[in-house]
Amino acid sequence: MLKCFGDKKPNKLKKSGFTKSMHNMREKALNSVFEKVPQTHIQSLTNVTYGQGKHPKRTELTQQDVPWTRPLPSYDPVDYTANVVHNNTVEKVGPVLGWADPEWSESFAKTFWSERKTFCGPDLSKFKGEDGRPRNPVGRTGMKGRGLLGKWGPNHAADPIVTCCSPVTGKLCMVVVKRQDNGKWAIPGGMVDKDELATKTLKREFGEEAASDGSGDMEKVLNEIFKIDRAVEIYKGYVDDPRNTDNAWMETTVVHCHCAPHLAERLKLTAGDDAVGAAWLCIEDNPKVQELYASHGDFVKRAVEMFNAKKKESEILARTTKMSKNGKSVKLRD
């Protein structure tokens, strides 16, 4: 049987009425506070990643100091790019293994501004700083350079939210992995490789981090879970990530794939790659969701809202269809 932590049998509740219309329900879910470019930083101001080990600390900033429009003449943060980034450029390890951009230069800048894309708007040049380098779309972070991120400007990731309804409570549960670098539970996603489609990254990263069984049956299960017609895009845009800097930031495509219990039972969770644990987590009425890494809790909350809106929409459609067949008038109520 599928086991989810944080999954408890709920108390009996009175059945809620139906909303006024399917349209209103869908709009409520889609209009939650999600923007391609957030208004401020939270995670990107912390020292949960930087300031640890050999990494320098960020310059401390208040929320009011984040916007570039606010004059801050004394702002002079550390310019830092980790050795692991310097040591993994294409120039040093080749085009196959190299995942990091080279140092900023005039020649690289020409290629960068002509080829690099962002989810934060139609034109990346909108985020060009006075020094010619890309400038964080949200604002200051307390650190210049690339930090631990390989790419200048946007670093694209793909995050799959794979869910199943609990056989105990009927609530949504999702697959989470425990990150090796900070011990946080997270969506099992990762970086999009060069020239790779995000749809391919979703399946590849999920398999590497949460289902590294390698068997033929596991491949069939993953192919079924990640079918295009099963995937629902939850978000595509900027991520408030603790690795972000003034010149490099995370952007992601978040996709929700809901699977039937028989598929979930065949999904043998095995931590791999840079994960040290994998499990099912109940994501409805569970405070642990907001403890997930970076902005992952917000992504999951949005997925739950959209899933429940769609579920209720289907219930209303089935109910009205049944009433119409019985010759009864249809009246939706709260």
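Going by the structure above, here's the rest.
This is a predicted model, so every value here is computed, not measured.

## Quick notes on the nonpolar core
Now for step 1: Counting 38 residues, the largest nonpolar core has I161, M174, I283, F299 and V300 as its most contacted members.
Now for step 2: Counting residues per element, this core draws most heavily on helix α8 (residues 296-325), at six residues.
Now for step 3: In contact with I161, other than residues within four places in its own chain, are M174, I187, V254, V255, H256, C257, F299, V300 and A303.
Now for step 4: Ranked by size, the runner-up nonpolar core spans 25 residues in total, among them C164, C173, V177 and M218.

## Thoughts on a nonpolar patch on the surface
Now for step 1: A cluster of nonpolar side chains, contributed by V93, V96 and L97, occupies part of the molecular surface with about 310 Å² of accessible area.
Now for step 2: By the secondary structure assignment, V96 is in helix α3 (residues 90-97).

## Here we look at the environment of V289
Now for step 1: Checked against the element boundaries, V289 lands in the loop between β10 (275-282) and α8.
Now for step 2: On the basis of relative accessible area, V289 is assigned to the buried category, the value being 6%.
Now for step 3: Setting aside anything within four residues of it in sequence, one finds V289 in contact with C282, I283, G297 and V300.

## Considering the side chain of D241
Now for step 1: Mapped onto the secondary structure, D241 falls in the loop between β8 (231-239) and β9 (248-258).
Now for step 2: The class for D241 is buried, based on a relative accessible area of 2%.
Now for step 3: Engagement of the side chain of D241 in a polar contact is seen with the backbone nitrogen of R243, the distance being 2.8 Å.
Now for step 4: Among all residues touching D241, those that are not within four sequence positions of it are Q43, S44, R58, M250, Y293 and A294.

## Re the pattern of salt bridges
Now for step 1: A full pass over the atoms with the stated rule returns 18 salt bridges.
Now for step 2: K203 is paired through a salt bridge with E219; the nearest N and O atoms lie 2.7 Å apart. Of this pair, K203 sits in helix α5 (residues 198-210) while E219 sits in helix α6 (residues 216-225); the two residues are 16 residues apart in sequence, bridging distant segments of the chain.
Now for step 3: Among the ionic pairs, D217 bridges to R266, the shortest N-O distance being 2.6 Å. Here D217, found in helix α6, pairs with R266, found in helix α7 (residues 261-266); they are 49 residues apart in sequence, far enough to count as distant.
Now for step 4: Salt bridges sharing partners connect three or more residues here, namely D193, E196, R204, E205 and E208.

## A few points about the packing of aromatic side chains
Now for step 1: Scanning the entire structure with this criterion turns up nine aromatic pairs.
Now for step 2: Measuring from ring centre to ring centre gives 5.5 Å for W104 and F108, while their planes differ by 80°; the resulting arrangement is edge-to-face.
Now for step 3: Owing to a relative accessible area of 21%, W104 belongs among the partly exposed residues under this scheme.
Now for step 4: Ring geometry for F112 and W113: centres 4.8 Å apart, planes at 90°, overall edge-to-face. In this pair, the class of F112 matches that of W113, namely buried.
Now for step 5: Pairwise contacts between aromatic rings join W104, F108, F112, W113 and W152 into one cluster.
Now for step 6: Lying across the ring of Y75, R140 places its NZ or CZ 5.3 Å from the centre.
Now for step 7: For the cation-ring pair, R179 lies above Y293, with the distance from its terminal atom to the ring centre recorded as 3.9 Å.

## Points about the environment of V276
Now for step 1: Structurally, V276 can be placed in strand β10.
Now for step 2: On a C-alpha basis, the gap between V276 and R179 in space is 6.2 Å, while along the polypeptide they are 97 residues apart.
Now for step 3: The contact partners of V276, leaving out residues within four places of it in the chain, are K178, R179, Q180 and A271.

## With respect to helix α4 (residues 106-115)
Owing to its 3.6 residues per turn, the α-helix aligns residues three or four sequence positions apart on the same side.
Now for step 1: Looking only at α4, the buried set comprises F108, A109, F112 and W113. Within α4, the buried residues cover an arc of 125° as seen down the axis, which keeps them to one side. Residues S107, K110 and E115 are exposed on α4 and point more than 90 degrees away from its buried face.
Now for step 2: The elements touched by buried residues of α4 are β4 (153-165).

Reading guide: rules and limits
Residues numbered from 1 in each chain as written. Predicted model: local features only at pLDDT ≥ 70, side-chain atom pairs only at ≥ 80, totals over all residues. Heavy atoms only, no water. Core = buried A, V, L, I, M, F, W, Y, C linked by side-chain atoms within 4.5 Å. Buried < 20%, exposed > 50% of the residue type's maximum accessible area, 1.4 Å probe, protein only. Helix = DSSP H or I, 4+ residues; strand = E, 2+ residues; numbered from the N terminus. Contact = heavy atoms within 4.5 Å. Patch = residues over 30% accessible without salt bridge, like charges linked within 9 Å, V, L, I, M, F, W, Y side chains within 5 Å. Areas by Shrake-Rupley, 256 points an atom, 1.4 Å probe, with all protein chains shown as cover. Salt bridge = Lys/Arg side-chain N within 4 Å of Asp/Glu carboxyl O. Polar contact = N/O pair within 3.5 Å; in protein donor to acceptor, adjacent residues only side chain to side chain. Phe/Tyr/Trp six-rings, centres within 6.5 Å; stacked < 30°, edge-to-face > 60°. Lys NZ or Arg CZ within 6 Å of the ring centre and 35° of its normal. Arc of directions from axis to C-beta.

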